[in-house]
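Examination of the molecular architecture
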Amino acid sequence: MKIFIEKNYELLSSKAVLRFKKILESKKVKNIAFPTGNTPKLFYRKLVELYKKGKIDFSKISGFLIDEYYPMKKDSKDSFNYYISNNFFALVNLKEKYSLNGSNLDFISECRSYKELIEKKGGLDMAILGIGENGHIGFNEPGSELNSRVRLVELKNTTLDLNRAKYEAGPIPRYALTMGIYEIFRAKRIMLLASGKSKSERVWDFLNGPISRDLPVSVLRLHPDIEVIIDKEAAVLIEDKIMNLIN
Ligand code: GLP
């Protein structure tokens, strides 16, 4: 595992872009899973800027959105489809863009198709991830099976309360469709991003706590090729611990 601790959110985003660009240039990645949330927003903005300057090329890359609320219209401003399209997918030259459709009433076949699509494409070469404040990855909430696949999940109240602030219209859906921990863990490489004090406990747990279903992100500690890029605020508890060990 590689861990980069950057001074602030701006530098974290720049570091993620730098690392990501290098990985893209290695030509070893084709299928990449992309997250939503506040954390990757500046990362996406910087990627789009680079693309506009002709300094990065996504023409060989297939983008896969990790999750989506359910039920949810694709063009709703609250949908993750809208988010990823407006922050990234529609602004660069990706070869292919895939996402879960929260408006398909047959969610079982929606999940099955997405699972099969990922398999048919040869699996994910890379997954970029944020961390939910309760330790979720994608929408794999605490309690998720470590071999869980693309599926419908019921969101925890903690997630609903936090995400309500980012949600504009009407009541927030109680359910979501998400890649499973299996699909995410099988990605050949992982880039995990966390910013701000509110993530510091989860970063600490991720690095030091038990690997358990109660903290879905913890399983990523076992991943053979993971890089973690965090800012000082998110690292505050681990830095304290390191200082304690030194002293
Ligand atoms: C959301 C998404 C996750 C994301 C997480 C953190 O609910 N389902 O994929 O990583 O919450 O979001 P943020 O970066 O805004 O803290």
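Here's a quick rundown of the structure.

What follows covers the overall build of the chain. On a plain count of helices and strands, the chain comes out with 8 helices and 10 strands. Here the C-alpha radius of gyration of the chain, 17 Å, is about what a compact globule of 247 residues would show, namely 18 Å. Principal-axis analysis of the C-alpha atoms gives the chain an extent of 60 × 45 × 35 Å. Buried residues in the chain amount to 52% of all 247 residues. Considering only contacts within the chain whose residues lie at least 6 apart along the sequence, 79% involve residues at least 24 apart. Mean positive and mean negative side-chain charge positions of the chain (41 and 31 charges, respectively) differ by 6 Å.

For the rest of this paragraph, the subject is the site of the ligand. Among the 14 residues in the neighbourhood of the ligand, the closest are listed as N38, T39, D67, K166 and K199. In this structure, N38 approaches the ligand through a main-chain N or O atom, which is 2.7 Å from an oxygen atom. Between the ligand and T39, the relevant distance is 2.4 Å, taken from an oxygen atom to a side-chain nitrogen or oxygen of the residue. Look at the ligand: alone it shows 400 Å² of surface, and the protein chains cover 93% of it. Placement of the ligand is best described as lying within the largest pocket. Residue composition of the shell around the ligand, by class: 3 nonpolar, 8 polar and 3 charged.

Considered as a void within the structure, the largest pocket measures approximately 850 Å³ in volume. If you go around the largest pocket, you meet 38 residues; those closest to its centre are T36, G37, N38, N163 and K166. Secondary-structure elements contributing two or more residues to the lining of the largest pocket are β4 (67-70), α3 (80-87) and α5 (157-164). Taken together, the residues that form the lining of the largest pocket break down as 14 nonpolar, 16 polar and 8 charged. Each pocket or cavity is described by its volume, and for the second largest pocket that value is around 260 Å³. K21, L24, E25, K27, V29, K30, K55, I56, D57, S59, K60 and I61 together form the lining of the second largest pocket.

Taken as a whole and assessed by the stated rule, the structure comprises 13 salt bridges. Of the charged contacts in the structure, one is a salt bridge between R213 and E145, with a shortest N-O distance of 2.7 Å. Of the two residues, R213 sits in the loop between α7 (200-208) and β10 (226-231) while E145 sits in the loop between β6 (126-129) and β7 (151-154), which places them 68 residues apart along the sequence. The class of E145 is partly exposed, set by a relative accessible area of 41%. Here R164 ties to D161 by a salt bridge, and the two come within 3.0 Å at their closest N and O atoms.

Turning next to the nonpolar core. With 76 residues, the main nonpolar core has F20, F58, F88, Y114 and L220 as its most contacted residues. A total of 6 residues in this core trace back to one element, the largest contributor, which is helix α1 (residues 9-25). Once residues lying within four places of it in the same chain are set aside, the contact partners of Y114 are F64, L65, Y98, S99, L100, V150 and M179.

Adjacent strands of a sheet pair through backbone hydrogen bonds, lying either parallel or antiparallel. Pairing is parallel across the open sheet formed by 7 strands, whose spatial order is β1-β10-β9-β6-β2-β3-β5. Whereas interior strands pair on both sides, the edge strands pair on one side only; in this sheet they are β1 (2-6) and β5 (96-98). Strand-to-strand twist of the sheet, defined as the mean angle between neighbouring strand axes without regard to direction, takes the value 15 degrees. In terms of strand pairing, strand β2 (residues 31-34) meets strand β3 (residues 62-65) through 4 bridges, oriented parallel.

Each aromatic ring pair is specified by the distance between its two centres and by the angle formed by the two planes. With the rule as written, the count across this model stands at 18 aromatic pairs. For the pair F64 and Y98, a centre-to-centre distance of 5.0 Å together with 35 degrees between the ring planes defines the contact as tilted. Within this pair, whereas F64 is found in strand β3, its partner Y98 is found in strand β5, the two being separated by 34 residues in sequence. Among the aromatic side chains, those forming a connected cluster through ring pairs are F20, F34, F43, Y44, Y51, F58, Y83, F88 and F89.

Criteria and thresholds
- Every chain is numbered independently, its residues counted from 1 as its sequence is written.
- Per-residue local features of the predicted model are confined to residues with pLDDT of at least 70, and side-chain atom pairs are confined, for both listing and counting, to 80 or more; whole-chain, interface and lining totals are unaffected and use all residues.
- Computation of side-chain values covers all heavy atoms of the structure but excludes hydrogens and water.
- Strands here mean DSSP runs of E at least two residues long; helices mean DSSP runs of H or I at least four residues long; both are numbered from the N terminus.
- Computation of the radius of gyration draws on C-alpha atoms alone. For the globule rule, the value is 2.2 Å times the number of residues to the power 0.38.
- Here the term buried applies to any residue with accessible area under 20% of the maximum for its type, exposed to any over 50%, and partly exposed to those in between, with areas from a 1.4 Å probe on protein chains only.
- Should any heavy atoms of two residues lie within 4.5 Å, those residues are considered in contact.
- Within this scheme the basic residues Lys and Arg register as positive and the acidic residues Asp and Glu register as negative, but His and the chain ends are omitted.
- To locate a charge, take NZ of a lysine, CZ of an arginine, CG of an aspartate or CD of a glutamate.
- Whether a residue is near a molecule or strand is decided by its heavy atoms; if any one of them lies within 4 Å of it, the residue is near.
- For this analysis, a polar contact is any N or O atom pair within 3.5 Å, provided that within protein one partner can donate a hydrogen and the other can accept it, and provided that sequence-adjacent residues contribute only side-chain to side-chain pairs.
- Per-residue and other accessible areas were derived by the Shrake-Rupley procedure at a 1.4 Å probe size, with only the shown protein chains allowed to occlude residues.
- Grid points spaced at 1 Å over the protein atoms alone were grouped into cavities, where a 1.4 Å probe fits but cannot get out, and pockets, open sets with protein on both sides within 12 Å along at least five of seven lines, with lining residues defined by an atom within 4 Å of a point.
- Any molecule with more than half of its atoms within 2 Å of a cavity's or pocket's grid points is counted as sitting in it.
- For this classification, the nonpolar set comprises Ala, Val, Leu, Ile, Met, Phe, Trp, Tyr, Cys and Pro, the charged set comprises Asp, Glu, Lys and Arg, and every other residue, Gly included, is treated as polar.
- Grid points are joined across faces, edges and corners, and a volume is the space filled by probe spheres set on the points.
- By convention in these notes, a salt bridge is any Lys or Arg side-chain nitrogen within 4 Å of a carboxyl oxygen on Asp or Glu.
- The definition of a nonpolar core used throughout is a set of buried Ala, Val, Leu, Ile, Met, Phe, Trp, Tyr and Cys residues joined through side-chain atoms within 4.5 Å.
- Two strands qualify as a pair provided that DSSP identifies no fewer than 2 bridges between them.
- Every angle, taken between N-to-C directions, lies between 0 and 180 degrees, and every axis is a line fitted to C-alpha atoms, over only the stretch in contact when it is a helix.
- Each pair of aromatic rings taken from Phe, Tyr and Trp, with Trp reduced to its six-membered ring, is defined by centres within 6.5 Å and is described as stacked if the planes are under 30 degrees apart, edge-to-face if over 60, and tilted in the remaining cases.

Honestly, that's just the spatial picture; any functional story needs more than this.
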